[in-house]
Amino acid sequence: MSKTLWRSYEIKNDFSYRDLLQYINEKNGIEKVIKDEDAFKTVKKLIVSLVGKKDIEIIPSEIEIERGNEKTNVSDVKFEDEKEIIRNIKNKGGEWSVSLYTSGTTGSPKRVEHNLKTLTKSVKVGDRYSENVWALAYPPSHIAGLQVLFQALMNKNTIVYIFESDPHEISSLIKKYRITHISATPTFYRTRIQKLSGTFKSVERVTLGGERFERGLKSEIAKTFPNAEMRNIYALTEAGSLLYSAEESFKIPNDKEGKFRVSEKNRLHIHKSLLGDSEDIEMNGEWYDTGDIVEENEGRLRFVGRDSDFFNVGGYRVNPHKVEEIINNLEEVSGSVVQPRDSSVTGNIPIVIVEPVEGIDDNAAVRAVKQAVTDLPEWERPRQIQVVSTLEKSRTGKRVR
């Protein structure tokens, strides 16, 4: 019986590696540009482009970019069996590329080209990984989503797509398919995973990335997934996965020594050798300014937040992540976003948008937030508290500011 490649709550019939074999062998052409509006279709088309050595561009559904499109011939791509597909993918190396786009949250989206070597530099292959079942909690237009995809593909693992599922569906999928690995943003864990009922002992590893690590999530994740090792990843669309840690801070590995530097304003810069190909990336000599603010201590880096997220209140610089971490640790709160609002007196005032835990009265959530921020300096203390049923999130699962 052929192993299942793709499962999700919406798809009634699982898509197996044998189905993939048939799909590839029957495909005559593939679009050079994919609009990522359906994760399953995007993944299938991307695999066809890879085995056919046809470069491809994936445009996230939320980005409005006009691109002419045409099909390129792949009718000569035929395989005898499923194993031949995997061998073909492993041997592609630099013969194929995929163009991705940054989120555009701090300017126009940047187009970045990656080949299979850059996308799979952290992929581990071997018999010990053959029975892993991966939950895909990113869209395939996101570099983190592609890295999960290739980790699974190269070991012929099953992928369970949970990104668009609610907590009830995610709970059902973890139990039904005995998911072993989950990779997602802290926001996804806080707004979906944290709402799961019960414990899930099949999960062996939980990975967080794409946003600043939230210390308060660690104990909650440990309760939900008691057998899981936790991993923190620092990655960029422009570079792929760069740093790994079991803690909040990162140690720069020996093979990347000299390729990270911190400016006087605590902004992290990375060397051009770590980047994918792009004409849209602005360089300062050989260095790229990531826009991330870090603290350096005894050779380790701790990420404080995006510089663009900070704002001034009466001459004081406010880090919204610091305030959010206090609020998010409340048992009444599922998640929060601190942001500036115009003020004629101080330029800005901080406000907070709060999503209460299910079953918690709005007034109770507001009271808890007011109490929690009492000891903060006046310029950091939110002046207004707005309650919403669901915090707005981006296509990649991050909180929208």
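Described in the following lines is the structure provided in the data block. Not measured: the values here are computed from a predicted model.

A closer look at the pattern of salt bridges
Then, number 1: The tally for this structure, following the rule as stated, stands at 24 salt bridges.
Then, number 2: Between Asp 14 and Arg 7 there is a salt bridge whose closest N-O contact spans 3.0 Å.
Then, number 3: Since its relative accessible area comes to 28%, Asp 14 is described here as partly exposed.
Then, number 4: A cluster of three or more residues bridged by salt bridges with shared partners is formed by Arg 212, Arg 215, Glu 248, Glu 295, Arg 302 and Glu 325.

A closer look at the sheet that holds strand 4 (residues 33–36)
Then, number 1: Spatially, the four strands line up as an open sheet ordered 4-5-7-8, and their pairing is mixed. Where the open sheet ends on each side, the last strands, each with one partner, are strand 4 and strand 8 (111–115). Strand-to-strand twist of the sheet, defined as the mean angle between neighbouring strand axes without regard to direction, takes the value 25°.
Then, number 2: Pairing analysis gives four bridges linking strand 4 to strand 5 (residues 56–60), with the strands arranged parallel. Its bridge partner being in strand 5, Lys 35 is matched across the sheet by Ile 59.
Then, number 3: In the packing of helix 2 (residues 39–51) onto the sheet, the strands contacted are strand 4, strand 5 and strand 7 (97–101), and the crossing angle to strand 4 comes to about 160°.

Brief notes about the pairing of strand 9 (residues 133–136)
Then, number 1: Burial along strand 9 is two-sided: the residues Val 133 and Ala 135 and Trp 134 and Leu 136 are all buried.
Then, number 2: Two elements, strand 9 and strand 10 (residues 158–161), share four bridges in a ladder whose sense is parallel. Residue pairing for strand 10: Val 133 is matched across the bridge by Thr 158.
Then, number 3: Assessed by its sense of winding, the connection that carries the chain from strand 9 through helix 5 (residues 143–153) to strand 10 is right-handed.
Then, number 4: As judged from the three bridges shared by strand 9 and strand 11 (residues 181–184), these two strands associate in the parallel manner. Looking at strand 11, one finds that Trp 134 is bridged to His 181.

Thoughts on the packing of helix 2 against helix 3 (residues 82–90)
Then, number 1: Their axes nearest at 9 Å, the elements helix 2 and helix 3 cross at an angle of 70°. Looking at the two axes, helix 2 sits roughly perpendicular to helix 3. Once helix 2 is placed against helix 3, the crossing between them reads as left-handed. Across the interface between the two elements, Ile 47, Leu 50 and Val 51 from helix 2 touch Ile 85, Asn 88 and Ile 89 from helix 3.
Then, number 2: Looking at side-chain class alone, the contact of helix 2 with helix 3 contains five nonpolar, one polar and no charged residues.

Observations concerning the layout of surface pockets
Then, number 1: Counted as a void, the second largest pocket has a volume near 300 Å³.
Then, number 2: Lining the second largest pocket are 14 residues, and of these Gln 194, Glu 220, Glu 331, Val 333 and Val 357 sit closest to its centre.
Then, number 3: Taken together, the elements giving at least two residues each to the lining of the second largest pocket come down to helix 8 (216–224) and strand 22 (333–343).
Then, number 4: The greatest single-element share of the lining of the second largest pocket, amounting to three residues, is contributed by helix 8.
Then, number 5: Across the lining of the second largest pocket, the residue classes tally to three nonpolar, six polar and five charged.

Observations regarding the environment of Pro 109
Then, number 1: Within the secondary structure layout, Pro 109 lies in the loop between strand 7 and strand 8.
Then, number 2: Among the residues examined, Pro 109 registers a relative accessible area of 30% and is labelled partly exposed.
Then, number 3: Along the chain, Pro 109 and Asn 232 lie 123 residues apart, while their C-alpha atoms are 25 Å from each other.

Some remarks on helix 8
Then, number 1: Along helix 8, the positions that sit buried rather than exposed are Gly 216, Leu 217, Ile 221 and Thr 224. Axial view of helix 8: buried residues confined to an arc of 115°, hence all on one face.

Comments concerning the packing of aromatic side chains
Then, number 1: For the structure on display, the rule yields nine aromatic pairs.
Then, number 2: Taken together, the ring pairs in this structure connect Trp 6, Phe 15, Phe 40 and Tyr 161 into an aromatic cluster.
Then, number 3: The residue whose ring lies beneath Lys 156 is Tyr 17, and the NZ or CZ to ring-centre distance is 5.7 Å.

Things to note about helix 2
Then, number 1: Between its terminal C-alpha atoms helix 2 stretches 19 Å, which fits the 18 Å expected from 13 residues at 1.5 Å a residue.
Then, number 2: Three or more residues of helix 2 are buried, namely Ala 39, Phe 40, Thr 42, Val 43, Lys 44, Lys 45, Leu 46, Ile 47, Val 48, Ser 49, Leu 50 and Val 51.
Then, number 3: Trailing helix 2 by a residue or two, Lys 53 shows a phi angle of about 55°, which is positive.

Here's the deal with the side chain of His 271
Then, number 1: On the secondary structure map, His 271 appears in strand 17 (residues 267–271).
Then, number 2: By relative accessible area, His 271 is classed as buried at 15%.
Then, number 3: Once you skip the residues sitting within four places of it in the chain, His 271 turns out to touch Lys 259, Glu 286 and Trp 287.

Calculation notes
- Residues numbered from 1 in each chain as written.
- Predicted model: local features only at pLDDT ≥ 70, side-chain atom pairs only at ≥ 80, totals over all residues.
- Heavy atoms only, no water.
- Salt bridge = Lys/Arg side-chain N within 4 Å of Asp/Glu carboxyl O.
- Buried < 20%, exposed > 50% of the residue type's maximum accessible area, 1.4 Å probe, protein only.
- Pairing = 2+ DSSP bridges.
- Helix = DSSP H or I, 4+ residues; strand = E, 2+ residues; numbered from the N terminus.
- Axes fitted to C-alpha atoms, helices over the stretch in contact; angles between N-to-C directions.
- Contact = heavy atoms within 4.5 Å.
- Right-handed = clockwise from strand over helix to strand, strands pointing away.
- Parallel < 35°, antiparallel > 145°, perpendicular 65-115°, else oblique.
- Left-handed = near helix turned anticlockwise from the far one by under 90°.
- Nonpolar A, V, L, I, M, F, W, Y, C, P; charged D, E, K, R; others polar.
- 1 Å grid on protein atoms, 1.4 Å probe; cavity = no way out; pocket = protein on both sides within 12 Å on 5 of 7 lines; lining within 4 Å.
- Points joined across faces, edges and corners; volume = space filled by probe spheres on them.
- Arc of directions from axis to C-beta.
- Phe/Tyr/Trp six-rings, centres within 6.5 Å; stacked < 30°, edge-to-face > 60°.
- Lys NZ or Arg CZ within 6 Å of the ring centre and 35° of its normal.
- Expected span 1.5 Å × (residues − 1).

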